[in-house]
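The lines below spell out each chain.
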Amino acid sequence: MGRKKRIGVFISGRGSNFRAINEEIKKGGINGEIVVVISDNPDAKGLLYARQEGIPTHVFIKEKAEKRDDYFSRIMVKLEEYNLDLILLAGFMRVLSKNIINEYRNRIINIHPALLPSFPGVHAQKQALEYGVKISGCTVHFVDEGVDTGPIIIQRAVPVYDDDTEESLADRILEQEHKAFPEAVRLFCEDRLTVHGRRVYILEK
Ligand code: GRF
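Cut-offs applied
- Residues numbered from 1 in each chain as written.
- Predicted model: local features only at pLDDT ≥ 70, side-chain atom pairs only at ≥ 80, totals over all residues.
- Heavy atoms only, no water.
- Phe/Tyr/Trp six-rings, centres within 6.5 Å; stacked < 30°, edge-to-face > 60°.
- Helix = DSSP H or I, 4+ residues; strand = E, 2+ residues; numbered from the N terminus.
- Buried < 20%, exposed > 50% of the residue type's maximum accessible area, 1.4 Å probe, protein only.
- Lys NZ or Arg CZ within 6 Å of the ring centre and 35° of its normal.
- Axes fitted to C-alpha atoms, helices over the stretch in contact; angles between N-to-C directions.
- Parallel < 35°, antiparallel > 145°, perpendicular 65-115°, else oblique.
- Contact = heavy atoms within 4.5 Å.
- Expected span 1.5 Å × (residues − 1).
- Arc of directions from axis to C-beta.

**Some details on the packing of aromatic side chains**
So, step 1. Within the structure shown, the criterion is met by six aromatic pairs.
So, step 2. Between the aromatic rings of Phe72 and Phe92, the centroid separation amounts to 6.3 Å while the plane-to-plane angle is 75 degrees, which identifies the pairing as edge-to-face. Here the residue Phe72 occupies a position in helix H3 (residues 68–80), and Phe92 occupies one in the loop between strand E4 (86–89) and helix H4 (98–103), the gap between them amounting to 20 residues. Neither Phe72 nor Phe92 differs from the other in exposure class; each is buried.
So, step 3. Grouped by ring-pair contacts, the aromatic residues Phe10, Tyr71, Phe72 and Phe92 constitute a single cluster.
So, step 4. Directly above the ring of Tyr71 sits Arg94, whose terminal nitrogen or CZ lies 5.4 Å from the centroid.

This is how it looks when you write it as structure tokens:
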């Protein structure tokens, strides 16, 4: 296996996916290390965990008038110091700019709490309940210029029950996110993902 991949994680809140991935790394299940955590929110709970773990954190607050490209350019300057192989969007609540997507083409992975292409964007679990689907789940995908439109790496399904609330469905999906996201990161870090158009192929070991 090659050298350990250098991973940057972007968060906006709780950071439970970040934690699940970091725990898998600590167990030796992923050939990578999280070298930096970026947040757009100074109060993100995930920052506390990063600090406990001794992972460098940087908060970038977007100014109201600031253009998206300029905001992400500031972040990219900082990222240069870390020489990243992979960026993970783990509950990062902003749409990325074109310049960062181009710079890290097929090296940015997002987790979304629905079975894409159904229910992209915010409040995916609420959208699923309101639509009345009987199955939902999560999708791990590469990030392209659209919102939740990039090539799909892994999906995991969960049932939707009659008495589900947004919270109960979100909890059931989150449990699967904590398996699917580390799994996708593991595959990436073993150089086992190849992208052809919309399709992501997983190479056998
Ligand atoms: C998850 O449901 C993820 O799918 C969505 O935002 C939530 C983040 O949760 N993009 P956490 O911060 O990882 O706990």
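Still more to cover.
**A look at the packing of helix H1 (residues 16–26) against helix H2 (residues 45–52)**
So, step 1. Between H1 and H2, the least distance of the axes is 10 Å, while the angle of their chain directions is 20 degrees. By the criterion of interaxial angle, the relationship of H1 to H2 is roughly parallel. Along the contact surface, H1 presents Phe18, Arg19, Asn22 and Glu23, while H2 presents Gly46, Tyr49 and Ala50.

**Topic: H3**
So, step 1. Across its 13 residues, H3 extends 18 Å between first and last C-alpha, which sits within 8% of the 18 Å expected from 1.5 Å per residue.
So, step 2. Among the residues of H3, those classed as buried are Tyr71, Phe72, Ile75, Met76 and Leu79. For H3, the buried positions fall inside an angular range of 135 degrees around the axis, keeping them on one side. Exposed residues lying more than 90 degrees from the buried face of H3 are Val77 and Glu80.
So, step 3. Turning to H3, the residues buried within the fold contact strand E1 (5–11), strand E2 (32–39), E4 and H4.

Take it as geometry only, folks, not as evidence of what the structure does.
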